[in-house]
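Overview (structure and organization)
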Amino acid sequence: MKNYLLILFALCSTNGIAQERQFTTPEWSKNATIYEVNIRQYSKEGTFAEVEKRLPQLKMMGIDIIWLMPIHPIGEKNRKGGEGSYYAVKDYSAVNPKFGTLEEFKSLVNTAHDLDLKVIIDWVANHSAPDNVWVDSNIEFYTKDEKGNAPITVPGTDWYDVADLNYDEPGLRQAMTDALVYWVKETNIDGYRCDVAEMVPLDFWIDARKEIEKIKQVFMLAEGNSSKYFEAFDMVYDWDLYESMHVNKDEAHSTNKIVSTWLAKHNSEFPTEHYKMLFTDNHDKNSWDGTPQENFGNFYETAIVLSALMDGMPLVYSGQEAGNSKSLKFFEKDQIEWRAHKNLGLYKKLFDLKHKNQALWNGKYGGRMVQLESKDDNVFAFYRQKNGDRVVVVANMSTEYVDTKINTKGIEGKYRDLFKRKDLDITKSTKFMLQPYEYKVLVKIK
């Protein structure tokens, strides 16, 4: 029986995150925020040089990690649209000439580092363009059909502009690892965001990261939601929170209960030492599912506040700080319309608090979310605390005015309202009067 239990434990460990993780998440990410750059749409020129010019503003806004969508040349065979998909990579060892040169990319990275910003690049390991240089040199890297023909498109998708890569082939694993190592060694980037990471074998990511970290410690973001991928990655997407916040966006009596269910699941199943990425928009949602204004309605601003203060790392997608209100075309040039907008100041205030207040830091460095019971079902309230810091968030999740009390046991004290800059005492009799979708962010005064 003892041996049986040991075997069972070993099997469970290999299928989840119970086994000891081999990598350490960089400490510089402990209170970090992240920003996704759509290079093509970021400016009229759509170049590395134009992104580089905007880095000081991103730093001012409170961004710490710059995530660049794929920088590589885009395939021409079976291309979708006029410009093609970023995610149809023609050459893993080159930069897209429309974006600039390798030296211009290095300049972007160096400028970011001078500003104490980190840079990660999007990596597409599951598939390549059907005219990738490997098709001619290493056709064995590609999945074959039942007749032995290669390359083929990715099974179960309509991605006719890409070819499926075969990770049963040791040569592919080595070549892909070499490419990942190259960009860290040659350009000093700080890590990767890995496209459809869960469609690539986990053991590949583990082995590849071992090789990358012989050069420097990196930060790895997986496009996925599986906790087992923390064996290789530092952060995964929180698709569940996005879906919880945007569903029934303008219907009273619903969103609060859905988000409460998310929080209970998050606290019971999610390990404290790892990160989830929280967002109200990204390139997939924006291009295919509509703008955040459409997806969240009048709840949009409140959703931004919650995603910035909840347990996880907040993401800003290109143009959100300018109130971009259009779905950016994915396969064509479609420049962001830059303008002054209140979102810029909102992000700056939220991220400044996140950087300074330990309660809001990421993973084990910050405080776990604790939900506060409300007398009104439309109100979602929680607090986070760490090392003497505490932040209380109260949000009306409905279209109705509310006048309610919350259970303040254990959080009584003096607070500063982050946005109204007024001091107040929280007691057991404190009432919260909130307009539809109004929120309060209360910071404990030490």
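Every chain's residues receive numbers from 1 upward, in the order its sequence appears when written. The predicted origin of the model limits local features to residues at a pLDDT of at least 70 and limits the giving and counting of side-chain atom pairs to 80 or more, whereas totals for whole chains, interfaces and linings rest on all residues. With hydrogens and water excluded, all non-hydrogen atoms of the structure serve as input to the side-chain values.

As for the overall build of the chain
Here is the rule we go by: Numbering goes from the N terminus for both helices and strands, where a helix is a DSSP run of H or I of at least four residues and a strand is a run of E of at least two. As defined in this context, the radius of gyration uses C-alpha atoms, and a globule is described by 2.2 Å times the residue total to the power 0.38. When accessible area is computed with a 1.4 Å probe and restricted to protein chains, residues below 20% of their type maximum are described as buried, those above 50% as exposed, and intermediate ones as partly exposed. Here a residue-residue contact requires only that any non-hydrogen atoms of the pair lie within 4.5 Å.
Of regular secondary structure, the chain possesses 13 helices and 18 strands. Against the 2.2 N^0.38 benchmark of 22 Å for 446 residues, the chain shows a C-alpha radius of gyration of 23 Å, consistent with a compact globule. When the backbone C-alpha atoms are referred to their principal axes, the chain occupies close to 75 × 70 × 40 Å. Considering the chain as a whole, with its 446 residues, one finds that 56% of them fall into the buried category. Within the chain, contacts between residues at least 6 apart in sequence are counted, and of these 72% link residues at least 24 apart.

Quick word on the confidence of the model for the chain
For any part of a model where pLDDT is low, the fine detail of the predicted coordinates should not be relied upon. Selection rule: Each residue carries a pLDDT value, the predictor's own confidence for that position, ranging from 0 to 100.
Averaged over every residue, the pLDDT of the chain is 92; residues scoring 70 or more account for 93%. Across residues 1-18 the pLDDT falls below 50, and counting only partners more than four positions away or on other chains, this stretch makes 13 contacts in the model.

Looking at the pairing of strand E7 (residues 219-222)
For clarity, the cut-off: Note: two strands are recorded as paired if DSSP finds a minimum of 2 bridges between them. A crossover gets the label right-handed when its path from the first strand over the helix to the second runs clockwise, viewed with the strands pointing away from the viewer.
With burial as the criterion, each face of E7 is covered, one bearing Phe219 and Leu221 and the other bearing Met220 and Ala222. Relative to E7, strand E6 (residues 191-194) runs parallel, the two being bridged by four bridges. Bridging from a neighbouring strand, Tyr192 pairs with Met220 of E7. After leaving E6, the chain enters helix H7 (residues 202-212) and then returns to the sheet as E7, a path that is right-handed.

Topic: the environment of His355
By the element assignment, His355 lies in helix H13 (residues 342-356). Its relative accessible area of 22% is what places His355 among the partly exposed residues. Sequence-wise, His355 and Gly62 are 293 residues apart; in three dimensions their C-alpha atoms are separated by 8.2 Å. Ignoring anything within four residues of it in the chain, the contact list for His355 reads Asn31, Thr33, Gly62, Asp64 and Trp361.

Observations regarding the layout of surface pockets
So the rule is basically this: Cavity means a closed set of points on a 1 Å grid over the protein atoms alone, one where a 1.4 Å probe fits but cannot get out, pocket means an open set with protein on both sides within 12 Å along at least 5 of 7 lines, and lining means a residue has an atom within 4 Å of a point. Grid points are joined across faces, edges and corners, and a volume is the space filled by probe spheres set on the points. Amino acids outside the nonpolar list (Ala, Val, Leu, Ile, Met, Phe, Trp, Tyr, Cys, Pro) and the charged list (Asp, Glu, Lys, Arg) are all regarded as polar, and Gly is one of them.
Here the largest pocket is characterised by a volume of approximately 400 Å³. Here the element with the most residues in the lining of the largest pocket is helix H10 (residues 283-289); it accounts for three residues. Each residue belonging to the lining of the largest pocket can be placed in one class, and the counts come to seven nonpolar, three polar and six charged.

Describing the sheet that holds strand E9 (residues 275-278)
Note the threshold: Every axis in this analysis is a line fitted to C-alpha atoms, fitted for helices over the stretch in contact. Angles between the N-to-C directions lie between 0 and 180 degrees.
Reading around the circumference, E1-E2-E3-E6-E7-E8-E9-E10 is the order of the eight strands in this closed barrel, with parallel pairing throughout. Averaged over all adjacent pairs, the angle separating strand axes in this sheet is 25°, with direction ignored. Pairing of E7 with strand E8 (residues 235-237), which is carried by two bridges, proceeds in the parallel orientation. The partner of Leu221 across the bridge, within E8, is Met235.

Considerations on the nonpolar core
To be explicit about the condition: To define a nonpolar core, start from buried Ala, Val, Leu, Ile, Met, Phe, Trp, Tyr and Cys residues and group those joined through side-chain atoms within 4.5 Å.
By size, the foremost hydrophobic cluster in this structure holds 121 residues, and its most contacted members are Ile34, Leu68, Trp123, Met176, Tyr192, Trp205 and Met310. For this core, the element with the highest residue contribution is helix H6 (residues 170-187), accounting for eight residues. Setting aside anything within four residues of it in sequence, one finds Leu68 in contact with Val37, Ile39, Val51, Phe105, Leu108, Val119, Ile120, Ile121 and Asp122. If you look at the next biggest cluster of nonpolar residues, it comprises 14 residues, including Tyr383, Val392, Phe432 and Leu442.

Comments concerning H6
The cut-off we apply is this: For a helix, the expected span equals 1.5 Å multiplied by the number of residues minus one.
Taking 1.5 Å as the rise per residue, H6 with 18 residues should run 26 Å; its terminal C-alpha atoms sit 26 Å apart, in good agreement. Every buried residue of H6 is accounted for by Leu172, Ala175, Met176, Thr177, Ala179, Leu180, Val181, Trp183, Val184 and Thr187. Among the structural elements, helix H4 (102-114), strand E3 (118-123), helix H5 (133-137), E6 and H7 are those in contact with the buried residues of H6.

Digging into the pattern of salt bridges
To be explicit about the condition: Put simply, a salt bridge is a Lys or Arg side-chain nitrogen that is within 4 Å of an Asp or Glu carboxyl oxygen.
Here the structure, examined in full by the defined rule, presents 31 salt bridges. With a shortest N-O distance of 2.8 Å, Arg193 and Asp122 are connected by a salt bridge. Taken together, the residues Arg193 in strand E6 and Asp122 in strand E3 connect sequence positions 71 residues apart. Like Arg193, the residue Asp122 is buried in the burial classification. For the salt bridge of Glu438 with Lys420, the shortest nitrogen-to-oxygen distance reads 3.8 Å. With Glu438 in the loop between strand E17 (431-434) and strand E18 (439-444) and Lys420 in the loop between strand E15 (413-417) and strand E16 (423-426), the pair connects residues that are 18 residues apart, well separated along the chain. Among the residues examined, Glu438 registers a relative accessible area of 19% and is labelled buried. The exposure class of Lys420 is partly exposed, given its relative accessible area of 47%.

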